[in-house]
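The chain contents come next:
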Amino acid sequence: MTDTTTIAARRYSELHSGFQLVTAVEAAIPVSWLTLDLVALERKPLPVVDEFVLRLCQHGVDTIPDIAAVLGVDHDVVQTAVAGQLSAETLDYRLRSRPGQPGLRSVSLTAAGIKAVTDLETSTPQRVEQPYTFDRLRWVPTEHTKSDIITRDEARADGLVVLPSIRTREVTTQDVTPRTLNMLITDTEDDPKPTPPRRPRSSAKLEVLAVEAVTRQPRRYLPVVLLVYSALDFDEVRLSVVVDDLASEAHSRALLEAGGVEKLGITVAAPVGEPELPAQLLDQRTPYDTVRGLQRRADNTPPGVPASTGDAASHDSTTARAELAALAVRAVPAFEHRELLAHGLRDARRRFLLITSRLRGAVIDPDLIAELESMLRRRGLVAYIAYGLGHPDDEHDTEAVDRLRKLDERFPNFTLVRLRDALPHCLIFDDTWINSSFDWLSFRSGQERTYRREEGTLISAANIVNERHAEAVTAIELNRKAK
């Protein structure tokens, strides 16, 4: 269960000094999928050496040694270029009879070569139809492709927070100038490894001379990550937008201009606070700042990548990862909860237990159900999911409940329970227990925009986890029998 929000949260949790990251949520930038009628020039450029070979031949420099001397390159480089143009039938290469130079081979332009040189200098404007994505938050065309964007129904089904448009009107030809389009095309073709991925183009370069019409512009959405920060010492909320795994200052500024926090109705409420822990665990608990320091060091290189010999940063990353794993009781930053849930689903081998408040279809989607099915097929594993905690039925998505009930019917090692009593939230998998008030199966906010800077505790002491698991199972079973 790849989670782009976790990547963004880890990378940019300290983006704003004096602020702490409250949450990272899936969001969507409104875009228009434009079809443009353009007047453009299309050029088919040759490799640089090949082009200069043809141009020099046109001006009478017609031997390989002379061309190499003029260009200041090795004889072999020119010879390779000539061979390529011989295959393209733009050059002729034969013995020439010259006074004092018997048996000298020279190159000359063929009819196709003369045309190629002419085409390098001139081309005919043509009318073409091209699609572009238009960012309605920044009000500029972008390089994103059709595969990057989604429909309104898909955005709604995924529970994305839809960011505002800076303008409500339709896009006109005044908004998509030749200059902005040419900048996109140049960036696309000149960058061999573009980030983010660019629109694939033909090898021919296109220079837009005029935009004649915008013929179609259906509304679509570009999935992004919205980071919500809260000031540590005063009452202020800041937002940042992460596009293609990179923090976009331009989008963050545009969002602020469009109304930002007020427009989206975002509020940061006081944390509920994690369920009570025994005093001995609180005494052992490694605090937030220490944990984040280790996580920042650990993130210098991806897990599983061996440290290079002599690479101090890689060795430090490996050391920090080991130190983090060795902490028996430690703080869990808000953004790490989703990562731990994914880790539990992927790696649990003996037991999995989750107690949470509400069930949301945007979280309990086909991908999460597939993860649960894969986990439940593991031999010897027993799983519980308990939900409710005093919340009425209309606060749970019917589709989400139905999906989990079907799993309950199919797998004898899985128990789904609607709680009558309020039990503390928790996630347990094998010998790991996360004690937290995090809404494990309703973290995609839907229409609600109230967030809390919740912090949890991870406990990996086997005897303590065994005791907590037994208590939770007993409470779940009593709730099930009480129905």
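Residues numbered from 1 in each chain as written. Predicted model: local features only at pLDDT ≥ 70, side-chain atom pairs only at ≥ 80, totals over all residues. Heavy atoms only, no water.

Caption draft 1: Representation of the overall build of the chain in the model. When helices and strands are counted, the chain shows 16 helices and 19 strands. Among the 483 residues that make up the chain, the fraction classed as buried is 47%. For the chain, the proportion of contacts with a sequence separation of at least 24, taken over those separated by at least 6, is 79%. (Helix = DSSP H or I, 4+ residues; strand = E, 2+ residues; numbered from the N terminus. Buried < 20%, exposed > 50% of the residue type's maximum accessible area, 1.4 Å probe, protein only. Contact = heavy atoms within 4.5 Å.)

Caption draft 2: Broad picture of empty space enclosed by the protein. In total, this model carries one cavity of 30 Å³ or more according to the counting rule given. Size it by volume and the largest cavity reaches roughly 50 Å³. Lining the largest cavity we find Gln20, Leu21, Tyr288, Pro333, Ala334, Phe335, Arg453, Glu454 and Glu455. Partitioning the lining of the largest cavity into residue classes produces five nonpolar, one polar and three charged. (1 Å grid on protein atoms, 1.4 Å probe; cavity = no way out; pocket = protein on both sides within 12 Å on 5 of 7 lines; lining within 4 Å. Points joined across faces, edges and corners; volume = space filled by probe spheres on them. Nonpolar A, V, L, I, M, F, W, Y, C, P; charged D, E, K, R; others polar.)

Caption draft 3: Molecular detail of the environment of Pro131. As for its position among the elements, Pro131 is in strand β4 (residues 126–135). C-alpha of Pro131 to C-alpha of Trp33: the two residues are 98 residues apart in sequence and 7.0 Å apart in space.

Caption draft 4: Quick peek at the pattern of salt bridges. Going through the model one piece at a time under the given rule, you end up with 27 salt bridges. Among the ionic pairs, Arg377 bridges to Glu373, the shortest N-O distance being 3.5 Å. For Arg377, a relative accessible area of 54% corresponds to the exposed category. Connected through salt bridges with shared partners, the residues Arg10, Asp299 and Glu339 form a single ionic network. (Salt bridge = Lys/Arg side-chain N within 4 Å of Asp/Glu carboxyl O.)

Caption draft 5: Representation of the nonpolar core within the structure. In this structure, Phe352, Leu372, Met375, Ile385, Leu404 and Leu441 are the most contacted members of the largest nonpolar core, which totals 34 residues. Contributions of two or more residues to this core are made by α13 (336–347), β13 (351–356), α14 (366–376), β14 (382–387), α15 (398–410), β15 (414–418) and β16 (426–429). Per element, the largest residue contribution to this core is five residues, and it comes from α14. Not counting residues within four places of it along the chain, the set of residues in contact with Leu404 comprises Leu359, Ile364, Ile369, Leu372, Ile385, Phe414 and Leu416. Core analysis: the second largest hydrophobic core is formed by 24 residues, Val25, Ile149, Val224 and Tyr451 among them. (Core = buried A, V, L, I, M, F, W, Y, C linked by side-chain atoms within 4.5 Å.)

Caption draft 6: Local environment of the confidence of the model for the chain. Confidence in the prediction for the chain averages 86 pLDDT; 87% of positions are at 70 or higher. Looking at the elements of the chain, mean pLDDT is at its lowest for helix α7 (residues 178–190), recorded as 68, and at its highest for helix α8 (residues 249–257), recorded as 97. (pLDDT = per-residue confidence, 0-100.)

Caption draft 7: Looking closely at the side chain of Asp365. Within the secondary structure layout, Asp365 lies in the loop between β13 and α14. With relative accessibility at 17%, the residue Asp365 sits in the buried group. At 2.9 Å, the side chain of Asp365 forms a polar contact with the backbone nitrogen of Leu368. (Polar contact = N/O pair within 3.5 Å; in protein donor to acceptor, adjacent residues only side chain to side chain.)

Caption draft 8: The pairing of β16, seen in detail. In β16, alternate side chains face the same way, and those of Cys426 and Ile428 on one face and Leu427 and Phe429 on the other are all buried. As paired elements, β13 and β16 share four bridges and run antiparallel to each other. The residue of β16 that forms the bridge with Leu353 is Ile428. Looking at chain direction, β16 and strand β17 (residues 432–435) are connected through three bridges and run antiparallel. Across the sheet, Phe429 pairs through a bridge with Thr432, a residue of β17. Counting the residues between successive antiparallel strands, the hairpin from β16 to β17 contains two residues, one of them, Asp430, with a positive phi of roughly 50°. (Pairing = 2+ DSSP bridges.)

Caption draft 9: The arrangement of helix α12 (residues 312–326) in detail. Taking 1.5 Å as the rise per residue, α12 with 15 residues should run 21 Å; its terminal C-alpha atoms sit 21 Å apart, in good agreement. Structurally, α12 contributes buried residues whose contacts are with α11 (288–298) and β12 (329–332). (Expected span 1.5 Å × (residues − 1).)

Caption draft 10: How the structure looks around the sheet that holds β14. Pairing within the open sheet is mixed, and its seven strands lie in the order β12-β19-β17-β16-β13-β14-β15. A single partner strand is all that each edge strand has here, and the edge strands are β12 and β15. When strand polarity is set aside, the average angle formed by the axes of neighbouring strands in this sheet is 10°. (Axes fitted to C-alpha atoms, helices over the stretch in contact; angles between N-to-C directions.)

Caption draft 11: The arrangement of the layout of surface pockets in detail. The calculated volume of the second largest pocket comes to roughly 710 Å³. Forming the walls of the second largest pocket are 31 residues, and the residues nearest its centre are Ser437, Phe438, Asp439, Thr450 and Arg452. Looking at the lining of the second largest pocket, the elements that each hand over two or more residues are α1 (4–12), β1 (19–43), α13 and β18 (450–452). Examining the composition of the lining of the second largest pocket, we find that four residues originate from one element, β1, more than from any other. When the residues that make up the lining of the second largest pocket are grouped by side-chain class, the tally is 13 nonpolar, 11 polar and seven charged.

Caption draft 12: Representation of the packing of helix α3 (residues 64–71) against helix α4 (residues 75–87). Between α3 and α4, whose axes approach to 9 Å, the crossing angle comes to 115°. For the crossing formed where α3 meets α4, the hand is right-handed. On the side of α3, the interface is formed by Ile64, Pro65, Ile67 and Ala68, while α4 contributes His75, Val78, Gln79 and Val82. Of the residues in the contact of α3 with α4, the class split is six nonpolar, two polar and no charged. (Left-handed = near helix turned anticlockwise from the far one by under 90°.)

Caption draft 13: A look at the side chain of Asp135. Its location among the elements puts Asp135 in strand β4. Look at Asp135: it is buried, it has no salt bridge, and the nearest opposite charge is Arg138 at 5.3 Å. A polar atom in the side chain of Asp135 sits 2.4 Å from the side chain of His251. Residues contacting Asp135, with those up to four places away along its chain left out, are Ile29, Pro30, Val31, Val140, Thr142 and His251. (Lys, Arg positive; Asp, Glu negative; His and termini not counted.)

Caption draft 14: Quick look at the packing of aromatic side chains. Scanning the entire structure with this criterion turns up three aromatic pairs. Taken together, a centroid distance of 5.1 Å and an interplanar angle of 90° make the contact between Phe134 and Trp139 edge-to-face. Like Trp139, Phe134 is buried. Residue placement shows Arg105 over the ring face of Tyr93; its charged tip is 5.6 Å from the ring centre. (Phe/Tyr/Trp six-rings, centres within 6.5 Å; stacked < 30°, edge-to-face > 60°. Lys NZ or Arg CZ within 6 Å of the ring centre and 35° of its normal.)

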